[in-house]
Amino acid sequence: MLAVLLSCGVAGAVTCTTQSQMTEAQRSVLLKAGTTLAAEIQAGNVAAVKADTISLVVAQFDPIANTIQSISPEMQGANFLVQNMYALNASDLKAPADTQFFCSVPGSELLITISLAQLPPGNYAVLLVHSSGGKQPQQMAMILANDSAQSNQWKLAGFYVRPLTLAGHDSVWYWTQARAFAAKKQQWNAYFYYETAAYLALPADFLSSPNLEKLQKEMGSVKPDGLPGSGPMVVSAAGQMFEITDLHTDGSLGHLDLVVNYKVSDASDPVATRSRNIDVMKALLAQHPELREGFSGLWVYANAPNQRPFGIELPMNQIQ
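Residues numbered from 1 in each chain as written. Predicted model: local features only at pLDDT ≥ 70, side-chain atom pairs only at ≥ 80, totals over all residues. Heavy atoms only, no water.

Engineer: Got a minute to help me understand the nonpolar core in this structure?
Structural biologist: As a rule of thumb, nonpolar side chains are buried together in soluble globular proteins. I114 and M142 are the most contacted members of the largest nonpolar core, which has 100 residues in total. Sorting elements by how many residues they give to this core places helix α6 (residues 187–201) first, with nine residues. Discounting chain neighbours no more than four positions away, the residues touching I114 are Y86, L88, T99, Q100, F101, C103, V126, F206 and L207. (Core = buried A, V, L, I, M, F, W, Y, C linked by side-chain atoms within 4.5 Å. Buried < 20%, exposed > 50% of the residue type's maximum accessible area, 1.4 Å probe, protein only. Helix = DSSP H or I, 4+ residues; strand = E, 2+ residues; numbered from the N terminus. Contact = heavy atoms within 4.5 Å.)

What follows is the structure, encoded as structure tokens:
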């Protein structure tokens, strides 16, 4: 899908016009396009969004359709506000290229960097839209492309959405808590709180800002050794070695949990797999007891080849 990857490439002859630098006519047409799309997304009207999407993306529309269907219930009763708009002129590109736009306002230190991979020549816009008042506050990034046949016809070229809060708290709150954990030398708690703050800071990875870069630098300074990455993290539980392949936070139950995914050869026996999941919980907490302070509970998923993951959640006071 167009502009789906964060890129470090820089292309010349491109410009960014921020919202305050636009004419009233420019702001008006982009605002109309953004609010129309937001209303269609809120209504779960996949067909309408698809009709307002450029042909290149329509050809591979399923990811956007799935996102709309999953996010629409969270937006019922919500109000929308277009927080920022950026007009991107890439009409001088000779061919699709990895392109960076540096968006700043004269006299301001704020610089937003927009990095788009293999961007075709043309005129584009990025709209950042927030929802409030629904079940879950959301932030959306819409990439719009100008239809060359109609100068004021803007269509969807990319769509990204993330929550504004997790377990009732925003990015700034998690950043503050991460610093507090770092001051107490609790690297594991600090790292995952920084990671959550970074996730909530912006709606898409192709966007960057000085604040986000500062946050990521702080996160890197506390990153613990042994996290799953290029290889798994190994813990010992009940005389067995288990390979943890992923750790991340989750707020779906209204509080912050740590999610653990590990590999098994078979997860078809629910009684045995549940017992093994609990063993993994105990082993992880024995190895890193500070996690009891940082999280309300643990989700642990056993992942076996060609089988559905088997997961359970337990609050910390039930993991003994």
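Engineer: Help me out: how do you make sense of the packing of helix α5 (residues 171–183) against helix α7 (residues 210–221) in this one?
Structural biologist: In a pair of packed helices, the angle between the axes and the distance between the axes together describe the arrangement. Two elements in contact, α5 and α7, have axes whose closest approach is 11 Å; the angle formed by their N-to-C orientations is 30°. With respect to α7, the element α5 is oriented roughly parallel. Here α5 and α7 pass one another in a crossing that is left-handed. Between α5 and α7, the residues in contact are S171, W175 and R179 and N211, K214, L215 and E218, respectively. Class assignment of the residues belonging to the contact of α5 with α7 gives a composition of two nonpolar, two polar and three charged. (Axes fitted to C-alpha atoms, helices over the stretch in contact; angles between N-to-C directions. Parallel < 35°, antiparallel > 145°, perpendicular 65-115°, else oblique. Left-handed = near helix turned anticlockwise from the far one by under 90°. Nonpolar A, V, L, I, M, F, W, Y, C, P; charged D, E, K, R; others polar.)

Engineer: Can you help me understand the side chain of S208 in this one?
Structural biologist: Mapping S208 onto the fold places it in strand β8 (residues 207–208). Among the residues examined, S208 registers a relative accessible area of 17% and is labelled buried. Within the structure, the side chain of S208 is placed 3.3 Å from the side chain of E213, a separation counted as a polar contact. Those residues in contact with S208 that sit more than four places away from it in its chain are L111, I112, T113, L202 and E213. (Polar contact = N/O pair within 3.5 Å; in protein donor to acceptor, adjacent residues only side chain to side chain.)

Engineer: Would you explain α7 in this entry?
Structural biologist: Note on helix geometry: an α-helix contains 3.6 residues per turn, so any two residues three or four positions apart are oriented the same way. For α7, spanning twelve residues, the distance from its first C-alpha to its last is 17 Å, which sits close to the expected 16 Å at 1.5 Å a residue. For α7, the complete set of buried residues consists of L212, L215, E218 and M219. Along the axis of α7, the buried residues cluster in a sector spanning 125°; they form a single face. For α7, the exposed residues lying more than 90 degrees away from the buried face are K217 and S221. Looking at the buried side of α7, the elements it contacts are α5, α6 and β8. (Expected span 1.5 Å × (residues − 1). Arc of directions from axis to C-beta.)

Engineer: Explanation requested: the state of the cysteines in the structure shown.
Structural biologist: Every disulfide links exactly two cysteines, by a covalent bond between their sulfur atoms. Under the definition given, this model contains one disulfide. C16 shares a disulfide with C103; S-S distance 2.1 Å. Between C16 and C103 the disulfide shows an S-S torsion of about 110°. By sign, it is right-handed. Here C16 is found in strand β1 (residues 15–18), whereas its partner C103 is found in strand β3 (residues 97–104), with 87 residues between them in sequence. (Disulfide = S-S within 2.5 Å.)

Engineer: Explain the pattern of salt bridges to me, please; I cannot follow it from the model alone.
Structural biologist: Charged atoms that come close allow side chains of opposite charge to pair. A full pass over the atoms with the stated rule returns five salt bridges. The salt bridge partner of R162 is D205, with a shortest N-O separation of 2.7 Å. You can see R162 sitting in strand β7 (residues 154–163) and its partner D205 sitting in the loop between α6 and β8, a full 43 residues away along the chain. R179 serves as the salt-bridge partner of E218, at 2.7 Å between the closest nitrogen and oxygen. Taken together, the residues span a long stretch of sequence, with E218 in helix α7 and R179 in helix α5 at a distance of 39 residues. Looking at E218, the relative accessible area reads 16%, which means it is buried. (Salt bridge = Lys/Arg side-chain N within 4 Å of Asp/Glu carboxyl O.)

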